[in-house]
Structure formats: structure tokens, C-alpha cells
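# Commentary on secondary and tertiary structure
Listed here are the chains, written in short residue letters.
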2 protein chains.
Amino acid sequence: MSGGFDLAPWELRWTGLAVDQLHRTESVFALSNGHVGLRGSLDEGEPVGLPGSYLNGFYEAHALPYAEAGYGYPEAGQTVVNVTDGKIIRLLVEDEPLDMRYGRALEHHRALDFRTGVLSRDTLWESPTGRRVRVRTRRLVSFTQRAVAAIRYEVEPVAADDGGPRPTQLVVQSDLLANEPIESATRDPRVAAALKAPLATESYRCEGTRAVLVHRTRESGLRIAAGMDHDVDDTPGLRAEISAEADLARLTLAADIPLGGVLGLTKYIGYGWSSSRSGPALRAQVEAALAGARQTGWDGLLAEQEEFLADFWESADVEVDGDDELQQAIRLGLFHILQAGARGESRAIPGKGLTGPGYDGHAFWDTETFVLPVLTYTMPEAARDALRWRHATLPLAQERARVLAKRGAAFPWRSINGQECSAYWPAGTAAFHVSADIADAVARYHAATQDTEFDAEAGTELLVETARLWWSLGHHDPHDGFRIDGITGPDEYSAVVDNNVYTNLMAQKNFTEAIAACERNPEVARRLGVTATETDQWRVAAERMRVPYDDLLQVHQQAEGFTAHEEWDFENTPGENYPLLLNYPYFELYRRQVVKQADLVLALHLRGEVFTLEQKARDFAYYEARTVRDSSLSAGTQSVIAAECGHMDLAYAYLAEAALTDLNDLHNNVANGLHMASLAGAWQAIVAGLGGMRDHGGALTFAPRLPSALTRVAFRMCFRGSRIQVEITADQATYRLIAGDPVHTTHHGTEVVIDGEVTLGIPAPPEFPTPSAPAGREPRRRTKAGGSREMTTPTPAPQA
Amino acid sequence: MSGGFDLAPWELRWTGLAVDQLHRTESVFALSNGHVGLRGSLDEGEPVGLPGSYLNGFYEAHALPYAEAGYGYPEAGQTVVNVTDGKIIRLLVEDEPLDMRYGRALEHHRALDFRTGVLSRDTLWESPTGRRVRVRTRRLVSFTQRAVAAIRYEVEPVAADDGGPRPTQLVVQSDLLANEPIESATRDPRVAAALKAPLATESYRCEGTRAVLVHRTRESGLRIAAGMDHDVDDTPGLRAEISAEADLARLTLAADIPLGGVLGLTKYIGYGWSSSRSGPALRAQVEAALAGARQTGWDGLLAEQEEFLADFWESADVEVDGDDELQQAIRLGLFHILQAGARGESRAIPGKGLTGPGYDGHAFWDTETFVLPVLTYTMPEAARDALRWRHATLPLAQERARVLAKRGAAFPWRSINGQECSAYWPAGTAAFHVSADIADAVARYHAATQDTEFDAEAGTELLVETARLWWSLGHHDPHDGFRIDGITGPDEYSAVVDNNVYTNLMAQKNFTEAIAACERNPEVARRLGVTATETDQWRVAAERMRVPYDDLLQVHQQAEGFTAHEEWDFENTPGENYPLLLNYPYFELYRRQVVKQADLVLALHLRGEVFTLEQKARDFAYYEARTVRDSSLSAGTQSVIAAECGHMDLAYAYLAEAALTDLNDLHNNVANGLHMASLAGAWQAIVAGLGGMRDHGGALTFAPRLPSALTRVAFRMCFRGSRIQVEITADQATYRLIAGDPVHTTHHGTEVVIDGEVTLGIPAPPEFPTPSAPAGREPRRRTKAGGSREMTTPTPAPQA
């Protein structure tokens with residue numbers, strides 16, 4: 001078991017109901033293709049944790065209140081909307097509604113299959129009056145028909161102990177339901193404010209087995225058409241009826257089904273949404289999608305789904321021998337990253353994907369820094385599409401830069417449509433590194449794909465406009481080079497600092513990548529008005545970039561002066577006071593040496609080429625002792641650098657923490673959606689940690705090494721059109737070319753050409769003193785035999 | 001003329017109506033005794049800029065909204081309430097309401113007399129139908145009967161060109177009006193949010209010529225009783241009627257008055273308010289106050305008022321020869337400071353006094369740092385009472401410190417009742433210096449008065465609890481001594497910085513003063529649990545206090561790293577972009593070398609003993625070039641240090657700016673109330689600037705010197721029970737003992753005992769290069785002949 005789920009390499013299964021766990025199982029069982037997302041709620045709608053059907057980019061706007069406003073504060077917020085729910089299929093058994101809270105569930109399990117992309121539900125239910133039915137549903141959100149979801153629904157009367165031969169009267173109601181009631185938001189700023197009845201009716205229509213409801217949001221003015229259609233199995237005596245009203249459409253099927261008979265149907269759900277298209281146009285689009293889906297049929301959709309996934313796993317699978325729980329968690333993570341990014345297609349990849357309303361459905365820097373590396377090396381076209389979204393929002397980012405008295409493009413800290421929605425600027429707008437993170441993702445994508453079309457159409461412009469931002473944010477100072485002052489780095493327990501090492505080094509890379517892109521695309525550079533003077537300025541700024549270092553302590557300073565700040569009193573901080581931000585004011589956090597999440601350590605990873613191994617080991621140890629991991633964005637990065645410094649068991653512990661963040665609900669908020677960046681962090685911990693993969697300067701290199709508990713790890717990657725597999729055991733690594741041209745790389749510094757298969761020995765790890773985390777915040781160490789059975793369940797932090 | 005007012009040494013007069021100027025004349029003509037405040041609106045209620053009757057400490061509470069809340073954010077705000085208006089006396093002339101917007105004002109002027117404390121109004125009005133009346137009113141808020149205001153009202157029919165012998169029918173309505181409609185607030189965060197109908201009726205009653213209304217605020221639950229009573233002159237045929245309803249009480253007087261006859265009355269207004277006393281108790285209190293006032297009578301109140309003011313001017317007057325405008329402005333300022341502080345009596349002195357709803361009626365550090373020095377040396381018992389208010393709020397400040405994970409007492413950045421109301425913590429809660437400013441005011445008051453009773457009862461505890469705050473805010477660091485990180489200094493264009501010089505030096509003084517107080521009051525120290533270990537800690541912290549200095553530029557850094565920040569591009573900042581905070585985001589202001597108001601320069605003043613004169617001159621020049629004076633808290637301090645550095649004409653310019661801030665509405669917001677701290681800053685510019693007065697270590701010293709434009713300046717002060725006068729001319733200074741024991745001081749470093757009269761020569765000023773302000777932000781230089789006639793009217797900044 002892992003977090004209550006059964007262990008299995010290719011699926012995630014939950015047995016039993018557990019009403020109090022519905023919130024989180026709905027998140028973990030969410031289906032999505034990056035375009036449409038459906039939380040894994042029960043078909044019959046109730047009991048439910050948090051209903052949720054999400055469309056990428058579909059949000060409601062609301063005013064952001066300020067008791068003391070300031071110039072440039074965003075005035076409007078955006079919140080993802082729970083749209084018209086098409087998942088609901090209710091059942092009445094002899095006039096008794098199927099509700100799992102009543103009667104008895106003799107059997108009940110749900111399972112998510114990573115190879116079919118199908119969420120299944122199998123229930124043997126006995127009604128309070130003793131009638132038994134077996135309900136079997138299969139649900140998918142199509143990777144190939146991106147506007148479409150489908151549900152295969154079968155219900156079969158089963159003989160009860162007192163069951164007679166009489167047929168059972170079954171009534172099935174298949175609904176489209178708008179403005180579902182949802183629970184109110186908590187005071188936790190990280191939990192999305194729930195919006196009540198956000199959809200205003202525009203039209204509703206039904207005919208035959210099909211219905212379409214068209215609504216529009218009140219403030220953001222986005223229009224949505226939601227439709228359903230059905231294939232009902234031939235059923236003698238079946239009575240069907242369809243109806244539609246403002247917020248509800250319903251197909252009602254009634255039949256008397258004998259023992260052994262089955263009432264079966266396939267429900268197709270289609271969505272269309274737009275800020276500009278008319279209601280009739282959207283309705284037509286949805287009806288066309290439904291017609292296409294019916295034409296493909298359930299079996300066809302299923303076959304397409306399996307084929308799509310087979311291709312994905314072919315290029316992306318990660319195998320972990322020696323830790324079944326980790327194996328399952330890693331695949332689940334990859335599956336959800338795929339779901340978040342597969343068909344976003346020039347829309348954002350939110351921090352929670354489309355699995356829940358957490359963070360208001362906003363996208364953050366997490367996407368570029370954690371999620372896109374995974375997609376870049378497993379499904380590069382999805383990474384490209386996500387970056388195209390950023391490119392599409394460039395005018396908004398340019399406008400934002402102007403409001404902030406800056407040049408170039410200042411991308412938002414949090415947003416759905418590209419406009420800044422952060423209401424607390426020290427931890428939002430000031431975190432300008434998001435723009436460098438986008439530039440980094442562009443450069444990585446370019447190096448890994450050599451996609452010259454994207455480079456010319458979007459990549460170069462993104463690099464140039466972000467470089468311009470940095471040039472206007474920094475200045476040359478006689479004291480100490482090119483400084484970038486008054487900004488906020490990744491660590492959210494610091495804010496508005498000078499010369500944050502991570503930010504400065506990412507800005508440095510932004511400059512050099514922009515110069516390189518302009519050299520590759522001189523026409524584009526000319527069009528953008530880039531002059532030789534400007535690129536010279538970038539070059540000099542990059543050369544003179546300030547990187548603060550503490551000579552006394554012999555470590556880098558996360559930002560200017562950080563290492564002189566007061567230490568946090570970890571010994572006297574009780575466990576229930578974590579996450580600290582819920583129990584201490586920002587002012588107290590900002591002024592002390594307490595780190596929420598990898599910041600300097602993230603620089604050690606992403607800009608590792610500018611640090612020596614000795615520096616990394618010292619810096620890592622220093623920050624390890626001060627990092628509390630109140631963020632899910634930390635463990636994966638700590639794992640990567642722990643591995644590089646030879647702390648393999650620590651790397652393993654952090655890898656497991658990242659991978660299990662959601663399965664074990666370590667931050668107590670999976671209810672609101674999965675932590676995509678943490679799932680991606682687990683992949684990073686495997687590939688960049690255990691695999692030692694780096695892509696500095698666009699070159700792919702490896703330095704694999706395993707913790708003692710794992711006997712074998714193998715992962716696959718795409719690189720410049722080729723597919724490779726890296727297989728690691730205790731003392732050697734094997735590189736295999738799966739498809740495409742030979743790949744040039746290095747293995748622990750030795751040049752290797754992957755062409756066919758090559759096996760190399762793994763050198764002994766470097767030996768540095770083992771660092772320690774703050775008292776009470778150590779990662780849970782996994783036992784040598786791996787797997788969860790010897791491991792006690794981690795105590796979840798109260799919130800994060 | 002000065003800002004539209006007639007020049008005169010002892011009064012301020014405005015001739016004509018100028019409806020568009022009513023807002024600001026109401027503020028400048030406001031009457032107050034620190035307990036009750038009435039804006040200078042016309043008796044008849046309309047036209048009006050902003051109606052306002054304020055009671056010290058009477059506020060309404062309201063939720064503070066946050067789009068993204070954080071731990072420790074204050075949840076409730078407080079806003080001063082416009083209470084029941086007792087000023088209104090309406091007049092109907094032959095059924096025609098006196099409204100200055102209609103008919104013709106043949107004569108009309110209002111005047112505030114600094115020696116009687118009376119606001120007079122003299123109007124000769126012709127109604128639209130040609131009837132003429134002379135209206136003569138005198139208004140005072142009693143300094144001696146603190147719950148009482150009084151109005152002497154006389155109206156006299158005057159022959160018009162077409163006036164016949166027929167008597168004129170006059171109807172006078174004397175009102176008590178609750179929940180007056182007031183204009184809505186602007187988006188400017190500095191303008192108080194207007195509250196609509198904040199008073200809920202509890203009871204109303206009238207009898208004879210007296211009426212009392214009792215109300216209660218809805219949220220804060222404060223109760224107010226407002227009453228009026230009248231002495232009506234014997235008038236043949238007078239018909240009187242009184243009535244009361246929920247929000248209105250009215251005495252109506254009707255009489256036919258012949259030419260040359262006068263309808264006269266005296267209106268007494270009384271207020272009582274409390275968070276705990278009952279309605280009947282408050283009503284009784286108000287009725288007693290009214291009875292007392294009637295017993296004293298108008299002439300008696302007037303005589304008391306004149307006596308009180310004569311005593312004040314005896315100890316506080318400032319004479320300025322050579323600049324009539326400045327002479328008037330300085331006296332106006334002293335008068336308003338007196339009004340703000342005279343009878344506050346353990347309530348706060350708000351930033352605007354009781355002259356308007358600006359800053360929501362909150363008190364800030366301004367009071368201790370700028371206003372209390374004036375009161376300490378002119379009316380020390382008022383300074384004592386203001387500090388007793390702080391002492392009364394100590395439990396709230398201790399609780400606030402605990403919420404902030406600190407020890408001791410953290411006084412609020414802004415408040416009415418002592419609870420923190422600042423909704424933007426980087427510029428509020430983080431500005432911990434307010435607690436050191438309070439400690440500084442306590443120490444100054446003690447040194448200037450030797451008030452051992454206050455020292456034992458309140459002063460020592462205030463010093464100890466604030467010292468404890470600093471001990472918990474700072475830490476010893478191996479890099480560089482005792483640091484205080486992550487706080488905000490006075491300059492509001494920086495925030496959340498390390499080792500702000502002003503803050504650190506004030507904390508240093510806080511430590512040493514706390515130690516001294518404990519030594520003076522060992523019993524109190526024991527009661528407070530102060531141990532030798534604790535005072536040793538304070539001593540070592542004070543000794544090792546970090547004061548950042550830039551070795552390259554040879555100047556102090558306002559805070560760690562300040563001098564390495566990017567310079568502001570003043571050349572390319574258009575004038576309409578000031579104040580910068582309304583046109584640039586905080587992030588851009590915080591990260592650059594742009595200073596809103598004296599910060600390091602304030603340290604040069606208040607902790608001048610730890611700087612050399614050369615350091616002061618260099619520091620002053622450096623910060624002068626970067627200070628934009630978007631705050632009214634700056635010019636006075638710049639004047640003081642300019643004078644010390646020998647820049648006498650610059651000192652004079654800043655003195656005039658501080659003194660004329662409100663008269664000339666330099667920040668375009670006098671409508672919302674006067675800037676008490678700026679008025680106090682003008683006094684500082686005279687006494688500490690031209691007089692060179694310092695009180696470091698409790699010793700009183702002088703170093704007088706005049707700018708060439710002024711021929712003579714004389715000021716009076718109280719010190720340890722004595723009263724002295726310092727008279728300065730171009731080449732010599734005369735010190736006179738007016739009352740009390742001889743006073744020991746120094747004159748430009750030479751020891752002097754003031755006993756009788758002593759005259760000493762003034763040495764030549766030091767010669768440092770003249771510093772310059774940012775382009776476009778230079779103070780307006782006053783011409784040599786002084787006075788305003790040669791001076792063009794300053795262009796007001798758009799807002800501040």
C-alpha cells in the first residue's frame with residue numbers, strides 16, 4: 001500500500017469508499033489531456049469531495065481587494081471555474097438511488113491504468129432494501145480527440161441472498177450539470193476561492209440522445225458550450241427521454257433488467273470555449289466533436305488512447321527495481337505530467353494541472369523550471385506548446401514591464417490568461433526570475449530539439465525580450481559589478497533581496513542565450529531591433545554579473561547578506577508550527593536564515609557549470625541545514641544535488657519524498673489538486689539525480705549512480721529526435737539508442753557516443769561529510785530493502 | 001498674502017468665500033483642544049468642503065481586506081468618525097436661507113486669532129431678494145473645559161439700498177446633527193475611507209434650550225453623547241422651540257428684528273464618549289459639562305482661553321524678523337500643535353491632530369519624533385500625557401510583539417486605540433523604529449523635565465519593554481556585530497532592509513536609556529524582571545551595534561547595501577510623476593537610491609553626537625542629492641542638518657517649506673487635515689536648525705546662526721522647570737532666563753549658564769560645498785528680503 005493505494009507497477013488502485021479521502025482520491029484519479037480535466041469523482045455525483053471539471057484557460061475574473069493599494073498592483077484576479085459537469089451518471093435501483101454512503105458496498109474499487117489512460121470503477125452494491133447491482137464504469141479523457149471525454153457505463157443486477165427471479169427496474173440519469181454547488185474556500189491563501197454559480201445561461205438544447213448547454217462567465221466574459229451524446233446498448237423495453245433546462249440537461253433511461261442482463265451505455269462529453277466565438281459557433285463545435293467521438297466509438301477511443309500512451313511510455317518510461325512504491329509513484333507522476341501537458345496547445349500548464357482548483361488554477365514558474373524539462377525530454381512538442389503560450393502572452397508581459405518602469409517582458413508570477421494576478425508583490429511580481437526561467441526553458445527546448453522553426457518564430461523573441469528585462473532590472477555598480485537588486489528569488493521565505501544568486505545566474509544565462517539566439521536568427525534580431533550595442537551590453541552584464549560569496553563561511557550567499565542573518569531556532573520550533581508561513585509573519589521569515597525551498601541549491605543544479613564540486617558540497621551542506629521544505633518544489637532539487645555530492649541515501653530519501661508528495665498527501669492539500677512540480681521533481685531526482693543528467697550549454701551529459709537500496713534504474717529520453725535509454729545498476733551504466741541518430745554525451749566526464757548499446761563502469765562517489773537538515777525536518781529515510789512495507793507512513797506536515 | 005491668507009503676526013485671516021478652497025480653509029481654521037476638534041466650516045453648514053467634528057480616540061472599526069492574507073496581518077482597521085455636529089447654526093432671513101453661494105457677500109472674512117484661540121466670522125450678506133444682514137460669529141474649543149466648545153452668534157439686519165424700516169424676520173436654527181453625509185473617499189491610500197452613517201441611535205432628549213443625542217458606533221461599540229445648550233440674549237417677541245429626533249436636535253429661534261437690533265445667542269456644545277460608560281452616564285456627563293460652561297459663560301470661557309494662551313506663548317513663542325510670512329506660519333504651526341496636544345490626556349496625538357480625517361485619524365511615529373519635542377520644550381505636561389497614552393497601550397504592544405514572535409513591546413505603526421492597523425506590513429509593521437522613537441521621546445521628556453514620577457510610573461517600563469524588543473529583533477553576528485535585519489526605516493521609499501542606520505542608532509540609544517532608567521529606578525527594574533544579565537546584554541548590543549559605512553564613497557549607508565543600488569534617473573522623471581509612489585511601483589522605489597524623506601539625515605540630527613561634522617556634511621550632501629521630499633516629514637530635518645553644516649540659505653529654504661506646507665498646501669491634501677509633523681518640523685528648523693539646539697545625552701546645547709535674509713529670530717523654551725529665551729541676530733546670540741533656576745548649556749561648544757541675560761558672538765559657519773537636491777526637487781529659495789512678496793507662489797506637488 002502507498003497512501004492507501006494498492007501497489008502495482010502500472011496502475012493505481014483504491015479499494016473501498018473512504019468518504020473522508022474522496023477529496024484526495026479525486027485529485028489523484030483526475031483525468032486530463034491538458035485541454036479538458038475531470039476530477040475522479042464517482043459517476044453518480046455524490047458523495048463527493050470537490051466536484052471539478054476544468055477547461056484550460058477558462059476562468060472567472062474577480063476584483064483583488066487591498067486595504068492599502070499601491071501603484072501597479074493587479075486589480076483583477078482570475079480563478080479557474082468548475083464548469084458544466086458531464087461526468088454525472090446517476091442510477092436508481094428499484095427507486096433507490098445508488099449512494100455509496102447507504103446500503104452496502106460488497107465490492108468497490110477504482111483504478112487508474114497508466115497504459116490505457118482509463119479510470120475504472122467496479123462496484124457491487126447492495127441497496128438498503130437488499131437489491132444488488134454491479135456497476136462497472138470506464139472513463140477517459142481522450143488524448144487524441146482533445147475536446148472529448150467518454151464514459152462506458154454498465155450496470156448489472158446481481159442475485160442477492162434474498163434475490164428472486166424478478167427483473168430489476170433500473171433508471172439511469174446521464175446529466176450535464178452547470179453551477180454545481182461547491183464548498184467554500186478556506187482562509188488559506190493557497191486554496192482557491194470558490195466561486196458560486198459563475199456561469200450565466202445563454203442557451204440549452206436537446207434532441208435524441210444529445211444535449212448542449214451554453215453558458216458565459218459573468219466577469220471574464222468567456223463562453224462555454226458543454227455537450228453530451230450517448231450510445232445506448234440495445235436493451236429490450238428500454239425507455240429513453242431527454243430534457244434540458246438552463247443549468248441541467250438529462251438523458252433518462254429506464255429498463256427492467258433481468259439477472260445477468262446489463263444496461264450499458266457510452267456517454268460522450270464534449271467541450272468548447274472561447275473568449276470571442278459565438279454561442280452557435282461553440283455549440284456547432286461541440287456537436288461536431290461529439291459526432292466525431294461517436295463515429296470513433298468507445299472501443300476506438302480506447303484503442304487511440306492506448307496507442308498514444310504506448311508511444312509516450314516508449315520515450316518516457318522510468319523503471320525502478322528495488323522499490324515498488326517508488327516505481328508506481330514515478331509512473332503515476334509521469335502519467336499526470338503527460339495529462340497536464342499533452343494537449344494544452346498554447347494554453348498554460350497550471351501548477352496543479354487540471355486536477356483541482358488549488359492556486360486558483362494559476363500557472364507559475366514551476367511549469368518552466370520543473371515540468372517543462374520532463375516534457376522537453378519525453379514529449380518535446382508539449383514543451384513547445386507550453387512555451388508558445390508564453391509567447392502568445394508576450395504583449396501582456398511587455399505591458400506589465402512598462403507598468404513596472406522596465407523594458408522587455410515581465411512575465412506574471414501567477415496567471416491563467418497571462419496577466420499578473422499576484423496580489424502580494426514581494427512574493428509575486430518581485431519574483432522576476434520567472435522570466436529567466438522561461439528563457440531557460442526556451443534554451444533547453446532549443447538545445448534538446450534543434451527546432452529552428454520555434455526558434456525563429458517564438459524562441460528568439462522570448463529570449464530577447466527577457467534579456468531586455470534583465471538589462472533594465474540590473475545596473476553596473478562601482479562596488480561589485482552588475483547587480484540585480486530588490487527582487488525575490490525562488491525561496492519564498494526571503495523576499496525583495498539584492499543579488500539573489502539563482503536569479504543572477506539565470507539572468508546571466510538569459511543574456512548569453514539571447515545573444516546566441518540572435519546570432520542564429522539575425523533576421524529576427526533585426527526585426528526586434530537588437531543592435532550590436534545591445535548584445536554587447538548583455539555580454540558585459542553577463543560577464544560582470546555579481547554572485548555574492550561569504551569569505552568567512554566559504555559559501556555562496558543565497559542573496560546579498562543572507563549568511564549574516566539570524567539563524568532560525570529550529571530546536572525550539574515545534575513540529576506543528578510547520579509550514580512556518582502559517583505560524584510566523586513574513587517579516588520574521590524574511591530576516592532569518594530559514595529557507596522554504598531550494599534556491600541557492602537550485603542554482604547549483606541549473607547553473608552547475610559555474611560551481612566547483614567542492615563549492616557545491618559546501619553550499620549544499622550549508623543550505624541543507626537551513627531548508628525546511630515547506631514547499632513541494634524543494635525535495636526533487638535537493639535530491640539532485642545530494643546525488644551529485646555523493647550523498648546517495650539522502651538523494652534517495654528526497655527522491656521518494658518528491659515522488660510520494662501527492663500519493664501520501666505530505667502537504668495535506670492534495671484535495672485541491674496534484675503538485676505537478678513535485679511529480680516533475682521526482683523525475684528530475686531520477687534522471688538528473690541518480691542519472692546525473694545535465695544539459696549545461698545544451699550538451700547532454702550523465703553521471704549515474706544508485707543508492708544502495710535500488711538495484712536498477714532505467715529511464716528513457718528524447719534528444720534531438722533520437723530516443724535513448726539509460727540503465728543504471730550498482731556498478732555500471734548501459735546507454736542504449738532506441739531510435740534515431742547516435743547521441744553524443746559523456747559518462748562521468750568520459751565522452752560517449754550512444755549508438756546501439758554501451759556499458760560503462762560507475763566510479764566511486766565523492767566523499768563529503770553528510771549534511772543534515774534542520775532538527776525535525778529531516779527527510780524520512782527509506783530502508784535498504786526499499787519499498788514501503790518497512791517504512792512507516794510519513795507524518796504529513798499540517799499544510800503546505 | 002500667504003496661500004490666500006492675509007499676512008499678520010498673530011492671526012490668520014481669509015477674505016471672501018472661495019467655495020473651491022473650503023476644504024483647506026476648514027482644516028487650517030480647525031479648532032481643537034486635543035480632546036474635541038471641530039473643522040472650520042461655516043456656521044450654517046453649507047457650502048462645506050468636508051464636515052468634521054472629531055473626538056480623540058473615537059473611531060469606527062472595519063475589516064481590512066487582503067487578496068492574499070498572511071500570518072499576523074491586522075484584521076481590523078480603525079477610522080476616525082465624523083461625530084454629531086454641534087457647530088451648525090442656520091439662519092433664515094425672511095424665509096431665505098443664508099447660503100453664501102447665493103445672494104451677495106458684501107463683506108466676508110474669517111480669522112483665527114492665535115492669542116484668543118477664537119475663530120471669528122464676519123459676513124455682510126445680501127439675500128437674492130435684497131435683504132441684508134450682518135452675521136458675526138465667534139467660535140472656540142475650550143482649552144480649560146475640555147469637553148466644551150462654544151459659539152457666540154449674532155445677526156443684525158442692515159439697511160439695504162432698498163431697505164425699508166420694517167423689521168426683518170429672522171429664524172435661527174441651532175442644530176445637533178448626527179450622521180452628516182460626507183463625500184466618498186478617493187483611491188488614494190492616504191485619504192481616509194469615508195464611513196457612511198456610522199452612528200446608531202441610542203437615545204435623544206431635549207428640554208428648554210438643551211438637547212442631548214446619544215449614539216453608538218456599530219462595529220467598535222463606542223458610545224457618544226453630544227449635547228448643546230444655549231444662552232439667548234433678551235430679545236423682544238422671541239419665539240423659541242426645541243425638538244429632538246434620532247439624528248437631529250434643533251433649537252429654533254424666531255424673531256422680528258428691527259434695523260440696528262441684534263439677535264444674539266451663545267451656543268455651548270458638550271461631548272462625552274466612552275467604550276464602557278452607559279448612555280445615561282454619558283448624558284449626565286455632557287449635561288454637567290454644559291451646565292459648567294453656561295455657568296462660566298461666553299465671556300468667562302473667552303477669558304480662560306486668553307489666559308491659557310498667554311501662558312503658552314510666554315513659554316513657546318517664536319519671533320522671526322525679516323520674513324512676515326514665516327512669522328505668521330510659525331505661530332500658526334505652534335498654535336495647531338498646541339491644539340493637537342493640549343488636552344489629549346492619555347489619548348493619542350494623531351498625525352493630523354483633530355483637523356481632518358486624513359490617515360484615518362491614526363497616530364504614527366511622527367508624534368514622538370516631531371511633535372513631542374516641540375511639546376516637551378514648550379508644554380511638557382502635554383508631552384507627558386501623550387507618552388502616557390503609549391504606556392496605556394503597552395499590553396497591546398506586548399501582545400503584538402508576541403504575535404510577531406518577539407519579546408517586549410512592538411508599538412503599532414498606525415493606530416487610534418493602540419492596535420496595529422497597518423495593512424501593508426513592509427511599510428507598517430516592519431517599521432519597528434516607532435518603538436525606539438517612543439523610547440527617545442521618553443528619554444527626552446525625562447531629561448528635559450526630570451519628572452521622576454513619570455519615570456517610575458511609565459517611562460522606565462516603556463524604555464525596558466522597547467529595549468527588549470530590540471534585543472529580540474537583533475542578533476550578534478560573526479561578520480559585523482549586532483545586526484537588526486529585515487526592518488523598515490523612516491524612508492518609505494525603502495523597506496525591509498538590514499541595518500538601517502537610523503533604526504540601529506535609535507535602538508542603541510534605546511538600550512542605553514533603558515539601562516540608565518533601570519539604574520534610576522531599581523525597584524521598577526526589579527518589578528519588570530530586569531536582571532544584570534539583561535542590562536549587560538543591552539550594553540554589549542549597544543556597543544557592537546552595526547552602522548554600515550561605504551568605504552568607497554566615504555558615506556554612511558542608509559541601510560546595508562543602499563549605496564550600491566541603482567541611482568534614480570531624476571533627469572528623466574517629469575514633475576508630474578511626483579510623488580513617485582503614485583507613479584512607480586514600490587519594487588522600483590525600494591531598489592533604487594531614491595529617498596522619500598530624511599532617514600540617514602534624521603539620524604544625523606537625533607544621534608548627531610556619534611557623527612563628526614565632516615561625516616555629517618558628506619552624508620548630508622550624498623542624501624540631499626537623492627531625497628525627493630515626497631513626504632512632509634522631511635524638510636524640517638533637512639533644514640536642521642543644512643544649518644549645522646553651514647548651508648544657511650538652504651536651511652532657510654527648508655524651514656520655509658516646512659512652515660508653509662499647510663498654508664500653501666504644498667502636498668495638495670490639506671483638505672484632509674494639517675500635517676502636524678511638518679508644522680513641528682518648522683519649529684525644529686527654527687530651534688534645532690537656526691538655534692542649533694541639541695539635547696544629546698539630556699544636555700541642552702545651542703549653536704545659533706541665521707540665514708542672511710533674517711535679521712532676528714527669538715524663541716522660548718522650557719527646560720527643567722525654567723523658561724528661557726534665545727535671541728539670535730546676524731552676529732550674536734542672547735540667552736535670557738525668563739523664569740526659574742539658571743540653565744546650563746553651551747553656545748557653539750562654549751559653556752554658558754543662563755541666569756539673567758548673556759550675549760555671545762556667533763562664529764563663522766563651517767564651509768562645505770553646497771549640496772544640491774535632485775533635479776526638479778530643489779526647495780524654493782526665498783529671496784534675501786524675506787517675506788512672500790518677492791516670492792512666486794510655490795507650485796504645489798500634485799499630491800503627497
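It should be noted that the structure appears before, not after, this text.
Model, not experiment: these values are computed from the prediction. (Residues numbered from 1 in each chain as written. Chains lettered and ligands numbered in written order. Predicted model: local features only at pLDDT ≥ 70, side-chain atom pairs only at ≥ 80, totals over all residues. Heavy atoms only, no water.)

This part covers the overall build of chain A. If you tally the helices and strands in chain A, you get 17 helices and 32 strands. Its C-alpha radius of gyration of 27 Å places chain A within 12% of the 28 Å reference for a compact globule of 800 residues. Dimensions along the principal axes, computed over C-alpha positions, put chain A at roughly 90 × 55 × 55 Å. Here chain A holds 800 residues, and 67% of them are scored as buried. (Helix = DSSP H or I, 4+ residues; strand = E, 2+ residues; numbered from the N terminus. Rg over C-alpha atoms; globule rule 2.2 N^0.38 Å. Buried < 20%, exposed > 50% of the residue type's maximum accessible area, 1.4 Å probe, protein only.)

So, on to the relation of the copies chain B and chain A. It takes a turn of 180° to lay chain B on chain A, together with a shift of 0.0 Å along the axis; the resulting RMSD is 0.0 Å. Taken together, these values place the two copies in the relation of a two-fold axis. Comparing interface residues between copies, 100% of those in chain B also sit at the interface in chain A, which points to an isologous, same-surface contact. (Least-squares fit on C-alpha atoms with pLDDT ≥ 70 in both. Contact = heavy atoms within 4.5 Å.)

Opposite the 53 residues of chain B that make contact, chain A presents 53 residues. Of the roughly 4300 Å² buried at the junction of chain B and chain A (both faces included), carbon and sulfur atoms supply 59%. Taken as a group, Glu68(B), Tyr71(B) and Phe587(B) account for 17% of the area that chain B buries against chain A, more than any other trio of residues on that side. Linking chain B with chain A are four salt bridges. (Buried area = accessible area lost by both parts, 1.4 Å probe. Salt bridge = Lys/Arg side-chain N within 4 Å of Asp/Glu carboxyl O.)

With that out of the way, let us pick up the sheet that holds strand S3 (residues 36–38) of chain A. Residue and element names in this part refer to chain A. The three strands lie next to each other as S2-S3-S4, forming an open sheet whose pairing is antiparallel. On the outer flanks of this sheet lie strand S2 (31–32) and strand S4 (53–55), each paired with one strand and no other. Sheet topology note: the S2/S3 ladder contains two bridges and is antiparallel. Note that in S3 the partner of Leu31 across the bridge is Leu38. (Pairing = 2+ DSSP bridges.)

Attention now goes to the sheet that holds strand S4 (residues 53–55) of chain B. Strand order in this open sheet of three strands is S2-S3-S4 (chain B), and the pairing throughout is antiparallel. For this open sheet the edge positions go to strand S2 (31–32) and S4 of chain B, each flanked by a neighbour on one side alone.

Glancing now at the packing of helix H7 (residues 433–449) of chain A against helix H8 (residues 452–473) of chain A. Residues and elements named next belong to chain A. For the pair H7 and H8, interaxial distance at closest approach is 9 Å and the crossing angle is 150°. Classed by the angle they form, the pair H7 and H8 counts as roughly antiparallel. For the element pair H7 and H8, the recorded crossing hand is left-handed. Residues His433, Ser435, Ala436, Ala439, Val442, Tyr445 and His446 of H7 lie in contact with H8, whose contacting residues are Phe454, Asp455, Gly459, Leu462, Leu463, Thr466, Leu469 and Trp470. (Axes fitted to C-alpha atoms, helices over the stretch in contact; angles between N-to-C directions. Parallel < 35°, antiparallel > 145°, perpendicular 65-115°, else oblique. Left-handed = near helix turned anticlockwise from the far one by under 90°.)

A few words now on the pattern of salt bridges. Applying the stated criterion across every chain, the model contains 135 salt bridges over all chains. Residues Asp498(A) and Arg483(A) are paired through a salt bridge, measuring 3.4 Å at the closest nitrogen-oxygen approach. Here the residue Asp498(A) occupies a position in the loop between strand S22 (481–484) and helix H9 (501–520), and Arg483(A) occupies one in strand S22, the gap between them amounting to 15 residues. In this structure, Asp498(A) and Arg483(A) share a single accessibility class: buried. Glu609(B) is the partner of Arg607(B) in a salt bridge, and the nearest nitrogen-oxygen pair spans 3.0 Å. In this structure, a network of salt bridges that share partners links the residues Asp122(A), Arg136(A), Arg138(A), Arg152(A), Glu154(A) and Asp233(A).

It is worth spelling out the side chain of Ser41(A) at this point. All names here are of chain A. Within the element layout of this structure, Ser41 appears in the loop between S3 and S4. Residue class for Ser41 comes out buried when judged on its relative accessible area of 7%. For Ser41, the residues in contact, after removing those within four places along its chain, are Glu26, Val48, Lys87 and Arg139.

Let us now look at the pairing of strand S9 (residues 104–113) of chain B. All names here are of chain B. Here strand S1 (residues 11–15) pairs with S9 via five bridges, running antiparallel. Residue pairing for S9: Thr15 is matched across the bridge by His109. Here S9 runs beside strand S10 (residues 118–126); their pairing, made up of nine bridges, is antiparallel. Within S10, the residue paired with Ala111 across the bridge is Ser120. Counted along the chain from S9 to the antiparallel partner S10, the turn is four residues long, and its residue Gly117 has a positive phi close to 70°.

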